[in-house]
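Spelled out, the chains give:
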Amino acid sequence: MSISSVPTAVEPASTARQARRRARRPLNSAAPSHRGDARLAWLLIAPAMIGFLVFALYPTLRGIYLSFTDFRLLSAPTWIGVQNFIDLFQDDTFWQSLLITLYFVLIAVVLTLAVSVLTAAVLHRVTKSTVLRGLIILPFLISGVVAATVWSWMLDAQLGIVNQVAHALGGEGIKFLTSREWAIPSLALIHVWKNMGYTSIIIFAGMQTIPPSIYEAGRIDGASEPKMFFRLTLPLLRPILALVVVLNVIGAFQVFDIVSVATKGGPAHASNVLQMYIYQKAFGQFDFGYASAMSLALFAILIVITFVQMRLLRASESDNA
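Residues numbered from 1 in each chain as written. Predicted model: local features only at pLDDT ≥ 70, side-chain atom pairs only at ≥ 80, totals over all residues. Heavy atoms only, no water.

Enquirer: Help me understand the overall build of the protein chain in this model?
Expert: The helix and strand inventory of the protein chain stands at 14 helices and two strands. In the protein chain, which comprises 321 residues, the proportion classed as buried is 35%. Excluding contacts between residues fewer than 6 apart, the proportion of contacts in the protein chain whose partners are at least 24 apart in sequence is 67%. Surface accessibility of the protein chain: about 19500 Å² in total, with carbon and sulfur atoms responsible for 68%. (Helix = DSSP H or I, 4+ residues; strand = E, 2+ residues; numbered from the N terminus. Buried < 20%, exposed > 50% of the residue type's maximum accessible area, 1.4 Å probe, protein only. Contact = heavy atoms within 4.5 Å. Areas by Shrake-Rupley, 256 points an atom, 1.4 Å probe, with all protein chains shown as cover.)

Enquirer: What exactly am I supposed to notice about the packing of aromatic side chains here?
Expert: Aromatic ring pairs are reported here in terms of the distance separating the ring centres and the angle at which the planes meet. Scanning the model with the defined rule gives 13 aromatic pairs in all. Ring centres 5.8 Å apart and planes at 40° place the aromatic pair Phe71 and Phe288 in the tilted group. A residue pair is termed long-range when its members are at least 10 positions apart, and Phe71 in the loop between strand E1 (69-70) and strand E2 (78-79) and Phe288 in helix H14 (residues 288-313) qualify at 217 residues. Each ring, one from Tyr279 and one from Phe283, has its centre 5.3 Å from the other, and the planes form 35°; the classification is tilted. Here Phe283 and Tyr279 lie together in helix H13 (residues 274-284), a separation of four residues that amounts to about one turn. On the basis of relative accessibility, which here comes to 39%, the residue Tyr279 falls in the partly exposed class. (Phe/Tyr/Trp six-rings, centres within 6.5 Å; stacked < 30°, edge-to-face > 60°.)

Enquirer: Looking at this structure, how should I read the environment of Ala268?
Expert: Among the structural elements, Ala268 can be located in the loop between helix H12 (257-262) and H13. As a C-alpha pair, Ala268 and Ser179 span 89 residues in sequence and 9.0 Å in three-dimensional space.

Enquirer: I would appreciate a short explanation of the pattern of salt bridges in the present structure.
Expert: Close approach of charged atoms allows side chains of opposite charge to pair. All told, the structure shown has two salt bridges when counted by the stated rule. For the salt bridge of Asp70 with Arg72, the shortest nitrogen-to-oxygen distance reads 3.5 Å. For Arg72, a relative accessible area of 38% puts it in the partly exposed group. Among the salt bridges present, the one from Arg72 reaches Asp287, with a minimum N-O distance of 3.6 Å. Remark: Asp287 occurs in the loop between H13 and H14 and Arg72 occurs in the loop between E1 and E2; sequence separation between them is 215 residues. Here the salt bridges share partners, and the residues they tie into one network are Asp70, Arg72 and Asp287. (Salt bridge = Lys/Arg side-chain N within 4 Å of Asp/Glu carboxyl O.)

These figures come from the coordinates and say nothing about function on their own.
Here it is as C-alpha cells:
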C-alpha cells in the first residue's frame, strides 16, 4: 500500500465523526435559515395558550381562591380561611353524596371494564368488521343529555319499552329511576352504555400492539382461546387497563348530566351524587364559596385515587416486562 492511499482510507471515519459532532450541536437560532422560527412558534401556539389561560388556568385558580371565601351571588367574596372545609367535614349531606358517588363509581367502572374487555376481545379475535367497530363507538358520540333523555323514556315505569317487554313476557315492571334501590344501578347502566364503546376501542388498540407470534406460540402449545386470553392478553394489557381504569374512575366521579336529566338527584336524594350536590349548592343556593370548597375536595380525592391506582396496577410495565 502506498503512503498516498492512507489518508483516503482514514477520511471516511473522520468525516463520520465530524458529522456526529455537528449533529450534537444545538441549532443556531440566529442563523439566517432559523431567524423568525421562535416568533412563528409562539404565534402558532398562541391560540391554544390563550384558551388554556382563560378557560382552564384562571378558573382553576379562581375556584381555589373562592373555596377560602364566603361568596354569594350578589356580594363580594369575604375571606374566611378554612371555615368552608371545617363545615364540609361536618356536612352529613356531603358524606352521603360521596358514598352515593362511590357506589355509582363501583358499579359503573366494574361493568364498563368487563363489557369493554369482552367487546375488544371479540373485535380482535373474532371479527374484523369496520362497520361493527363504528357501531360500538357510536353511543360515545351521543350527548349525555340525549342519552339520558332517551333512556328515561325507555325505563319509564308506566310507558317505557323495557317494562312493556317485561309485562309481555309475564314479568313485573321495575321502577328503574323512581325507586331508591334501582336509581343508582340504572344510572350506572346508562353510563356504561354510553362509555363502553370508547373504552373498548382503547383496549382494542392495545390488543393490536400484541405480536401475533405470541398467539401462534400459544396455539402450538395447545392453549385454547380462553386460556390465551387470561394467560397472555390480559397480562400484556396491564398498562392499557391501568389507563382505562383511571379514565373511567375520573369520568364516573364527574357524572352529572345523566343524573341531572334522568333523576335530578332523586328519589329522596337516593341518586344525589357529589357533582349534583355541588351544582345545587352553587346554582340552587348561590353558595359559590362552599361549592368551590367541595369541588377542591373532589379534585383532591381524584388525585389520591389516581395515584393509588397507578401504584397498585403498576401502569408502567406489564406482567411479562
